[in-house]
Amino acid sequence: MRGVSVSGMWKFQPGDNAEWALPRFDDTSWVDRRLPGRWPEGGYPETNQLAWYRLTVKLDVPTPQDWPAQFQLALKTGKVMSAFEVYAGGKLIGGVGALPPLAELNYDRVRVLAVPSSAVATDGTLVLALRVWGGDAGITDAWGSGPYYGDFILGNNADLLLSTARSELPGLLASLLFIGFGIYHTYLYRRNRQFRSYLWLGLLAINIGIYGITLNQWKYAIDFSFLVWKKIEFAAIYIFPAVVIQMLWTLLDTQIRQWLRIYQATFVVLSLAAILIPGMAVLWSTLPYFQLWSLPLLILGSVLLIKRFRDGHPEARTSILGVMIFAMTCVNDLLIDLAQTDTMRLMPFGFVAIFAAMAVSLANRFTANVSRLEDEVAERTRALSVANKRLQEMARIDPLTKLLNRRGFTEEGLSEIQRVFRGRREFALMLLDIDDFKRVNDRFGHACGDAILQQLAGCLRGALREVDVIGRWGGEEFIILLPQTNERGASTVAANLRSTIAGYGFAHDGVSLSITATIGVSLHRKGESLDACMAAADRAMYAGKAQGRDQVVFSDSAAAVESVAGAREVTPPSGDAS
Ligand SMILES: Nc1nc2c(ncn2[C@@H]2O[C@H](COP(=O)(O)OP(=O)(O)OP(=O)(O)O)[C@@H](O)[C@H]2O)c(=O)[nH]1
């Protein structure tokens, strides 16, 4: 048995009389009243008054004896604004809230109440009656009281309970999903503080989730009083615009001006007031004003969105759709409360629309951010590898002369030795040291010394072949590797170098100078290491210094094979103002 609907024409009578619950009472003179319904003229209990609704039903299955095994008849009520009692066959079978003298407001609750078999007459007739309290002026003025929403169904108790629980399940799951999604996004923000929009989207989702739970019948599984649930519901609605402002303005990269901050703060205050001010009066007395007060946000949000959309802001397009849907649901719900139209409340769908739009916008932003980051990383990697190469170069080059430094030369020298070893070729090594360079520095200054070193580097480069490797070994000492050069060749090159340097016109700051250099030459022997070859050249160079400078000395003989006649005293270097 799926249950039969008992929505439809009931009989209505203001006032209160215990007799009205009884099946035998004649209600033909009562007013017809469609249940459930909202705000019909004269169809609901007055402020602080009681009123009754009655319905006589003829059941399909005539007597309890004919009911199937384990069949327990029950009535599922829709939502009734204000507290009420339900009678079946003249017996009280339950209700919601407390009626006077303990009058207590209680609505938005669906109940499944068991109907005892004794309530059904032998001919299958069942008389149902609702005794409803009108509540105080706040509720009757703002909302009206009485049955207003949902189904009124008679059927199997277990089936009705199950179908009620089941029909409320999607809403519950959606709400929990929103809360979970929201918590996850606030957690994402905690992990990466750059993504501020995640925080606000997360809070927006939690906000919507909490609101969703307050609308769901499953909330009664938690034993909060009706008042507490109502306060949570209103606090969630009232804070919503404040969170939307934060989310939308952050998403559209727009600064929140001071006046907007104040406007935003009013919603926070309203939300706090809903929770902190005792009683319910603050809730229904502020709701219409809240709805009106939210309208500027719709206009402001729309203007901002259109502006950003025109600027080509990527997130504006997606957000615009959500806000438009939300705006339409707001207008719909406003009409329900102000003009008392009998349409469905759509705000929950509006919440979902705005949230979905923001989530899509954020996903777009995230994707754009990731690809931008990837481009940035690629660009930086490129720059880094260029810098790295330069750094490696710099570590091999002497900054003053731009020749290879000791490290660079050693590396080149080693690879040259390997080449020579493979090709069985010979090479020569020369160590060239400027004579009496200290005196150049002492007399003409360090800057002049530096200039001489630079010019000598140029001079060497000009005098040698492309394949010859030149390095600055340190201080005023230069090293030269001559590939594929035998003793004869080395002798010619060294003699040529010595005379070129001696005749070279060095100049600095208007002063021309001449200098000489002593060159030690070593011919690489098969199997010899670079170090050994250099040590031999070094010894030869020192021998040349000892023999009076300005000469070439070969390591083999350690004797001058070529020297300037008379080995003149080259010190001091001559310097003339030019
Ligand atoms: N201006 C300048 N001077 C340098 C640089 N490196 C080394 N020197 C100078 O070169 C001079 C080398 O002096 P010494 O080692 O006494 O050799 P020297 O005066 O050339 O004498 P001999 O080699 O014996 O002919 C020192 O005065 C160092 O300060 C440099 O990069 N720039």
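None of these values were measured; they are calculated from a predicted model.

### Observations concerning the UniProt feature "transmembrane region" (unreviewed entry) in the protein
Consideration 1: Those residues carrying the UniProt feature "transmembrane region" (unreviewed entry) are residues 169-189, 198-215, 235-252, 264-284, 290-306, 318-340 and 346-363 in this numbering.
Consideration 2: In the segment residues 264-284, helix accounts for 81% and strand for 0%; the C-alpha atoms at its two ends are 21 Å apart.
Consideration 3: Between the C-alpha atoms that bound residues 290-306 there is a distance of 25 Å. The span itself is 100% helix and 0% strand.

### Quick notes on the site of the ligand
Consideration 1: Lining the immediate surroundings of the ligand are 16 residues, of which D435, F437, K438, G449 and G475 lie closest.
Consideration 2: Listing elements by their share of the shell around the ligand, those giving two or more residues are strand 13 (427-434), helix 10 (437-444) and helix 11 (446-463).
Consideration 3: Residues belonging to the shell around the ligand are distributed by class as follows: four nonpolar, four polar and eight charged.

### Structural notes on helix 13 (residues 530-546)
Consideration 1: Given a rise of 1.5 Å per residue, 17 residues ought to cover 24 Å, and the 24 Å separating the end C-alpha atoms of helix 13 matches this to within 8%.
Consideration 2: Residues of helix 13 that are buried include every one of C533, M534, A536, A537, A540, M541 and G544, and no others. All buried residues of helix 13 project into a common sector of 155° when viewed along the axis, lining one side. Facing away from the buried side of helix 13 by more than 90 degrees, the exposed set consists of D531 and A546.
Consideration 3: The positive-phi residue at the C-terminal boundary of helix 13 is G548, with phi of around 115°.

### So, the pairing of strand 13
Consideration 1: Across the eight residues of strand 13, eight count as buried, placing the element largely inside the fold.
Consideration 2: Sheet analysis places strand 13 next to strand 15 (residues 477-483), joined by seven bridges and oriented antiparallel. Residue L429 lies in a different strand from strand 15, and its bridge partner there is L481.
Consideration 3: Where strand 13 meets strand 18 (residues 517-523), seven bridges bridge the pair, whose relative direction is antiparallel. Opposite A428, over in strand 18, you have L523 as the bridge partner.

### What to know about helix 12 (residues 487-503)
Consideration 1: Helix length check: helix 12 (17 residues) gives 24 Å between terminal C-alpha atoms against 24 Å at 1.5 Å per residue, within 8%.
Consideration 2: The complete set of buried residues in helix 12 reads A490, V493, A494, L497, R498 and I501. Within helix 12, the buried residues cover an arc of 130° as seen down the axis, which keeps them to one side. Of the residues in helix 12, the exposed ones pointing more than 90 degrees away from the buried face are R488, T492 and G503.
Consideration 3: Looking at the buried residues of helix 12, the elements they touch are strand 13, helix 11, strand 15, strand 18 and strand 19 (551-554).

### Thoughts on the sheet that holds strand 1 (residues 4-5)
Consideration 1: Spatially, four strands are ordered 1-12-5-9 in an open sheet, and the strand pairing comes out antiparallel. The open sheet has two edge strands, strand 1 and strand 9 (112-114), and neither has a second partner.
Consideration 2: With two bridges joining them, strand 1 and strand 12 (residues 153-156) adopt antiparallel strand pairing. Each residue of the ladder has a partner; that of S5, found in strand 12, is I153.

### A short note on the packing of helix 5 (residues 258-276) against helix 6 (residues 281-311)
Working note: a packed helix pair is described by the angle between its axes plus the distance between those axes.
Consideration 1: Where helix 5 contacts helix 6, the two axes come as close as 10 Å, and the packing angle between them is 160°. When the axes of helix 5 and helix 6 are compared, the pair comes out roughly antiparallel. Our pair here, helix 5 against helix 6, has a crossing hand that is left-handed. Of the residues in helix 6, those touching helix 5 at L270, A273 and A274 are V282, L283, T286 and F290.
Consideration 2: For the contact of helix 5 with helix 6, the per-class residue count stands at six nonpolar, one polar and no charged.

Conventions used here
Residues numbered from 1 in each chain as written. Predicted model: local features only at pLDDT ≥ 70, side-chain atom pairs only at ≥ 80, totals over all residues. UniProt positions renumbered as here; feature names shortened; annotations may be inferred. Helix = DSSP H or I, 4+ residues; strand = E, 2+ residues; numbered from the N terminus. Near = placed C-beta within 6 Å. Nonpolar A, V, L, I, M, F, W, Y, C, P; charged D, E, K, R; others polar. Expected span 1.5 Å × (residues − 1). Buried ≥ 20, exposed ≤ 12 C-beta atoms within 10 Å, placed from the backbone. Arc of directions from axis to C-beta. Pairing = 2+ DSSP bridges. Contact = placed C-beta atoms within 7 Å. Axes fitted to C-alpha atoms, helices over the stretch in contact; angles between N-to-C directions. Parallel < 35°, antiparallel > 145°, perpendicular 65-115°, else oblique. Left-handed = near helix turned anticlockwise from the far one by under 90°.

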